[in-house]
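Below are the chains, spelled out letter by letter.
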Amino acid sequence: MSVAPLALYRRSLGNFRDTMSIVRRRFAVRPARYPRIPWAVWLMAWVLLTVAVFLCLDAAAGGMRGEWSPGFVRFTDFFTQFGLGGWCLIPAALCLIAANLTDWRGLSRQGRMLVYNWTCFAFLVLCAVGLSGIAVNLLKYGIGRARPFYFNDFGVLSLHPFAMDARFAGFPSGHATTMGAVFGILLLLFPRRWYVALAVTACIASTRVFVGAHYPSDTVAGFGLGLAFSVVSGLVFARLGFIFGQTSSKLPARKRTFRLAPFRAPRSKMSRVGRVESGEIRADRAQTP
């Protein structure tokens, strides 16, 4: 059954207003209890690691640019494309658009939970990857470090603040920032498989060095920046009750009700927390004007 464009617009606008109302209400009624993460310690470790990599590896990486075998460069050039933010942001944006056009009140309990979980996941990706992408672009053009392509002309540390030239947009790496954000999301969702997520995302981030686009310290700085944005996004989502639950001393814990595939367990095995979560969603939607 087709829906008239005006009716679709009204539904979309109504869903958006409902969502904003839910977020404001949850911020108002849920206390800001965040885990005691030693941010200063992690920041210092990140800075020291970036400086150590700069002192030990950047000059060597600049001198080796162009000396890698053509086959290896083509191999890394293929995988470096997966560090583009569009791979994450475009599907997430399309998912949010589809959810915003959905008639939530006409869905079953399981359908509502599925759309709700996909909406929360897409919003988490947009926050972590999108916001870190904005931050890294502000930083890289504000700092203006020359890329390794121009190592012979400018050296390993040539800064041209606000030159607004892609040649001087090396620090931090945008691709590495995206991979750091992806790693952070996977770390929060699958903490027991963190080493697999780290290996994959770090390898993709490191390809920026081999294709000659960034120094090693650029990738380390960018990776840490993206990871930080993911963790902060997860903490805020946990306060709102989206995807994660709040904890007092650890990272946000993923809720048992968070599933991106249809839940087909027998009714006798349906968890109480699942029924409670579905009830909260219905109540949130029902209370919006």
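Since the model is a prediction, treat every value here as computed from it, not as a measurement.

A. Inspection of the overall build of the chain at higher detail. Helix and strand counts for the chain come out as ten helices and two strands. Written out in order from the N terminus, the α and β elements of the chain read α-α-α-α-α-α-α-α-α-β-β-α. By residue count, 40% of the 289 residues in the chain fall in the buried class. The long-range share in the chain, meaning contacts at least 24 apart out of those at least 6 apart in sequence, stands at 76%.

B. Inspection of the side chain of D58 at higher detail. Secondary-structure assignment places D58 in helix α2 (residues 39–64). Accessibility expressed as a relative area gives 0% for D58, which makes it buried. In this structure, D58 is in contact with V53, R145, V156, Y215, P216 and S217, ignoring residues within four places of it in sequence.

C. Structural view of the pattern of salt bridges. What the rule picks out here adds up to four salt bridges. The shortest N-O distance in the salt bridge between R145 and D58 comes to 2.9 Å. Of the two residues, R145 sits in the loop between α5 (109–143) and α6 (151–154) while D58 sits in helix α2, which places them 87 residues apart along the sequence. Residue classification places R145 among the buried residues on the basis of a relative accessible area of 3%. Put simply, R145 and D218 hold a salt bridge, and the shortest N to O gap is 2.8 Å. Here the residue R145 occupies a position in the loop between α5 and α6, and D218 occupies one in helix α9 (residues 216–240), the gap between them amounting to 73 residues. Both residues of the pair, R145 and D218, count as buried. Overlapping salt bridges bring together D58, R145 and D218 as one network.

D. Broad picture of helix α4 (residues 86–100). For α4, built from 15 residues, the straight-helix expectation of 21 Å at 1.5 Å per residue is met to within 8% by its first-to-last C-alpha distance of 20 Å. By the burial criterion, the buried members of α4 are C88, A92 and A99. For α4, the angular spread of buried residues about the axis comes to 25 degrees, placing them on one side. Seen from the open side of α4, the exposed residues pointing more than 90 degrees away from its buried face are W87, I90 and L94. On the buried face of α4, the contacting elements are α1 (5–29), α5 and α7 (174–189).

E. Quick look at the packing of α5 against α9. Interaxial distance between α5 and α9 falls to 9 Å at its minimum, and their mutual angle equals 140 degrees. By the criterion of interaxial angle, the relationship of α5 to α9 is oblique. Seen from above, α5 lies across α9 with right-handed handedness. Within the contact between the two elements, α5 uses C120, F123, L124, C127, A128, L131, S132, A135, V136 and L139 and α9 uses L225, G226, F229, S230, S233, G234 and F237.

F. Up close: the packing of α5 against α7. Where α5 meets α7, the axes come as close as 9 Å, and the angle between the chain directions of the two elements is 150 degrees. Viewed along their axes, α5 and α7 adopt a mutual orientation that is roughly antiparallel. Classified by chirality, the crossing of α7 by α5 is right-handed. Contacts between α5 and α7 involve F121, L124, V125, A128, V129, S132, V136 and K140 from the first element and G174, T177, T178, A181, I185 and L189 from the second. Tallied by class, the residues present in the contact of α5 with α7 amount to nine nonpolar, four polar and one charged.

G. Summary view of the environment of R112. Summarising the element assignment, R112 is placed in helix α5. Take R112: its relative accessible area is 9%, and that puts it in the buried class. Separated by ten residues in the primary sequence, R112 and T102 place their C-alpha atoms 9.9 Å from one another.

H. Molecular detail of the confidence of the model for the chain. Scored by pLDDT, the chain has a mean of 89; 90% of the residues are at 70 or more. Helix α10 (residues 272–287) is the least confidently modelled element of the chain, averaging 56 in pLDDT, while α7 averages 97, the highest of any element.

I. Expanded view of a nonpolar patch on the surface. Taken together, the side chains of F72, F75, F78, F79, F82, L84 and W87 define a hydrophobic patch exposed on the protein surface, amounting to about 680 Å² of accessible area. Among the elements that line the nonpolar patch, the one with the most residues is helix α3 (residues 70–80), at four residues. With respect to the helices, strands and loops of the structure, F82 is situated in the loop between α3 and α4. Judged by its relative accessible area of 34%, F82 is partly exposed.

J. Focus on the packing of aromatic side chains. Scanning all chains against the criterion turns up 18 aromatic pairs. Centroid distance W194 to Y195: 6.0 Å. Interplanar angle 85 degrees. Geometry classified as edge-to-face. Residue W194 is classed as partly exposed on the basis of its relative accessible area of 42%. Through successive ring pairs, a cluster of aromatic residues spans F75, F78, F79, F82 and W87. The side chain of R167 reaches across the aromatic face of Y150, ending 5.9 Å from its centre.

Reading the values: the criteria
Residues numbered from 1 in each chain as written. Predicted model: local features only at pLDDT ≥ 70, side-chain atom pairs only at ≥ 80, totals over all residues. Heavy atoms only, no water. Helix = DSSP H or I, 4+ residues; strand = E, 2+ residues; numbered from the N terminus. Buried < 20%, exposed > 50% of the residue type's maximum accessible area, 1.4 Å probe, protein only. Contact = heavy atoms within 4.5 Å. Salt bridge = Lys/Arg side-chain N within 4 Å of Asp/Glu carboxyl O. Expected span 1.5 Å × (residues − 1). Arc of directions from axis to C-beta. Axes fitted to C-alpha atoms, helices over the stretch in contact; angles between N-to-C directions. Parallel < 35°, antiparallel > 145°, perpendicular 65-115°, else oblique. Left-handed = near helix turned anticlockwise from the far one by under 90°. Nonpolar A, V, L, I, M, F, W, Y, C, P; charged D, E, K, R; others polar. pLDDT = per-residue confidence, 0-100. Patch = residues over 30% accessible without salt bridge, like charges linked within 9 Å, V, L, I, M, F, W, Y side chains within 5 Å. Areas by Shrake-Rupley, 256 points an atom, 1.4 Å probe, with all protein chains shown as cover. Phe/Tyr/Trp six-rings, centres within 6.5 Å; stacked < 30°, edge-to-face > 60°. Lys NZ or Arg CZ within 6 Å of the ring centre and 35° of its normal.

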